[in-house]
Amino acid sequence: MALTNVQDNNKLVRYTQEINREFVRENLFSPYMSQDLNAIIRIRQELKAGGEQMNIPIVTKLRGKGKGSGTLVGNEEKIDNYGMRLWIDWARHAVATKKNDQQKDSADIFGEAKPLLSDWGKERQRDDLIAALMSLPSEAAPSGLGSDDGMTVNGLLYEAATAAQRNTWNADNSDRVLYGVAVANYNATHATALGNIDSTADKLSKSIVSLSKRIAMNASPAIRPYKTRDGYEYYVMFAGTNSFRDLKADLNIENRDARAREGNGMDKNPLFQDGDLLYDGVIIRQVPEISAFVTNVWTSLTTAGNGSSRVEPAFLCGQQAAVLGWGQMAKPTFRKEDDYGFITGTGTEMAYGTAKMFKKHPMDGTALKQWGLVTTFVSAPLDA
């Protein structure tokens, strides 16, 4: 008996028109970004009216004793002030296709251009904010400003800084950096301080969170806590996946014993529901891309700890830790050179700059202090 087989070209092929896009995480900094003075990441829009740079005035509190019945004339206190400069640059991207490819397309792939470009913009700003938080303050315009690739991150990028430049930053900010679980791990040489971080004892823990908070509270100039609308004050720590994992494990006992499990207790207990952690007046938020930056950008940190162990930064932030300045909000663009309508191109463009807030302190000195931020370095091994 002869059986008939279906020739390959006659086999049924069904094409779905539903397109699956790669996951793009929302900007996890967004809840802490606003134009308010108490925002952790301040949004400034003055440059929408034109200009390449803006000046951000910063003043510190009065520290003088003052006078009683004594003569006040000639004993006035000067206001310690500084003008921080923020530069903006352009960020653009686009996709294009020919009409003959659109004719062959079974799923309208080019129709995904706008959401893909929107996702690209979100990722770009998120990554720029991470780079800015890790950057070294600089009064100079960022390297690459106005170049073909553009530069929307102000300051000296950590991976581009020399050992001497990192040491200067380390010394200028000795009252607002922490290496592991002990203040004694600090060393004026940044690489030596990183080498003091133990691969076991110096993982992110509740003790390190509390110590980072105390450093912020005792810093001079002061690091103001973030204040919620209902009047509560918190610091917010942004941590990568590996350090967040270690802290979550360290806090399991508190969450197990101090939080209800009955009723709807499971809905709010971090043992069962993932999300931000809260400990000792500090909100700890996981930003996975911080770990990715260590792996792909700040690669010297992958072997910087004791015994060549991996180190990751965590950023404990108060008010005005960073700034995002807009010259032009993101808007769609379209290709004009279309070869008589045969090529379709769509894009996006925006002009902005990100920066870690900093101040020369004192104003007649040379030290550039990060304004609202404690940088904490911890051991953060990869999952085995």
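Residues numbered from 1 in each chain as written. Predicted model: local features only at pLDDT ≥ 70, side-chain atom pairs only at ≥ 80, totals over all residues. Heavy atoms only, no water.

What follows covers the packing of aromatic side chains. According to the stated counting rule, one finds nine aromatic pairs in the structure shown. Relative to F238, the ring of F29 has its centre 4.8 Å away and its plane inclined at 65°; by these criteria the two rings are edge-to-face. Remark: F238 occurs in strand β8 (residues 233–239) and F29 occurs in the segment before β1 (33–34); sequence separation between them is 209 residues. With respect to class, F29 is no different from F238; both count as buried. Judged by centre distance (5.4 Å) and plane angle (50°), the ring pair of W326 and Y352 falls under tilted. Taken together, the residues W326 in strand β12 (residues 322–334) and Y352 in strand β13 (residues 343–356) connect sequence positions 26 residues apart. In this structure, W326 and Y352 share a single accessibility class: buried. Ring-pair connections join several aromatic residues into one group, and the members of that group are F29, Y32, Y226 and F238. Stacked on the ring of Y158, the Lys or Arg R166 has its end atom at 4.1 Å from the ring centre. (Phe/Tyr/Trp six-rings, centres within 6.5 Å; stacked < 30°, edge-to-face > 60°. Helix = DSSP H or I, 4+ residues; strand = E, 2+ residues; numbered from the N terminus. Buried < 20%, exposed > 50% of the residue type's maximum accessible area, 1.4 Å probe, protein only. Lys NZ or Arg CZ within 6 Å of the ring centre and 35° of its normal.)

By secondary structure assignment, the location of S379 is in strand β16 (residues 373–379). Within polar-contact distance, the side chain of S379 engages the backbone oxygen of S199 at 3.1 Å. Excluding anything up to four places from it in sequence, S379 contacts I197, D198, S199, D202, K203, L204, D246 and R310. (Polar contact = N/O pair within 3.5 Å; in protein donor to acceptor, adjacent residues only side chain to side chain. Contact = heavy atoms within 4.5 Å.)

Turning our eyes to something else, we now look at the layout of surface pockets. Computed from the structure, the largest pocket encloses a volume of approximately 360 Å³. If you go around the largest pocket, you meet 14 residues; those closest to its centre are V59, T60, A222, R224 and W371. In this structure, the second largest pocket spans a volume of roughly 210 Å³. As for the second largest pocket, its lining consists of 13 residues, and the residues nearest its centre are A91, R92, H93, T348 and E349. Counting only elements with at least two residues in the lining of the second largest pocket, the list comes to β5 (89–98) and β13. For the lining of the second largest pocket, the leading source of residues is β5, giving five residues. Its residues assigned to classes, the lining of the second largest pocket shows three nonpolar, five polar and five charged. (1 Å grid on protein atoms, 1.4 Å probe; cavity = no way out; pocket = protein on both sides within 12 Å on 5 of 7 lines; lining within 4 Å. Points joined across faces, edges and corners; volume = space filled by probe spheres on them. Nonpolar A, V, L, I, M, F, W, Y, C, P; charged D, E, K, R; others polar.)

Next up on the list: the pattern of salt bridges. Considering all chains together, one arrives at 15 salt bridges under this definition. A salt bridge links R124 to D128; the shortest N-O distance between them is 3.4 Å. A residue pair is termed a helical-turn pair when its members lie 3 or 4 positions apart in one helix, as R124 and D128 do in helix α2 (residues 113–134) at four residues. Under the relative-accessibility criterion, D128 is labelled buried at 9%. For R126, the salt bridge goes to E289, with nearest N and O atoms at 3.5 Å. With R126 in helix α2 and E289 in helix α9 (residues 288–296), the pair connects residues that are 163 residues apart, well separated along the chain. (Salt bridge = Lys/Arg side-chain N within 4 Å of Asp/Glu carboxyl O.)

When we look at burial in helix α3 (residues 163–172), the residues that qualify are R166, W169, N170 and D172. Against the buried residues of α3 lie β6 (177–179), α4 (190–195), β13, β15 (368–370) and β16.

Bringing the packing of α2 against α9 into the picture now. Contact pair α2 / α9: the axes reach a minimum separation of 10 Å and the direction vectors enclose 65°. Considering the angle they form, α2 stands roughly perpendicular to α9. Crossing of α2 over α9 shows right-handed handedness. Contacts from R126, D127, I130 and A131 of α2 reach α9 at E289, I290 and F293. (Axes fitted to C-alpha atoms, helices over the stretch in contact; angles between N-to-C directions. Parallel < 35°, antiparallel > 145°, perpendicular 65-115°, else oblique. Left-handed = near helix turned anticlockwise from the far one by under 90°.)

Honestly, that's just the spatial picture; any functional story needs more than this.
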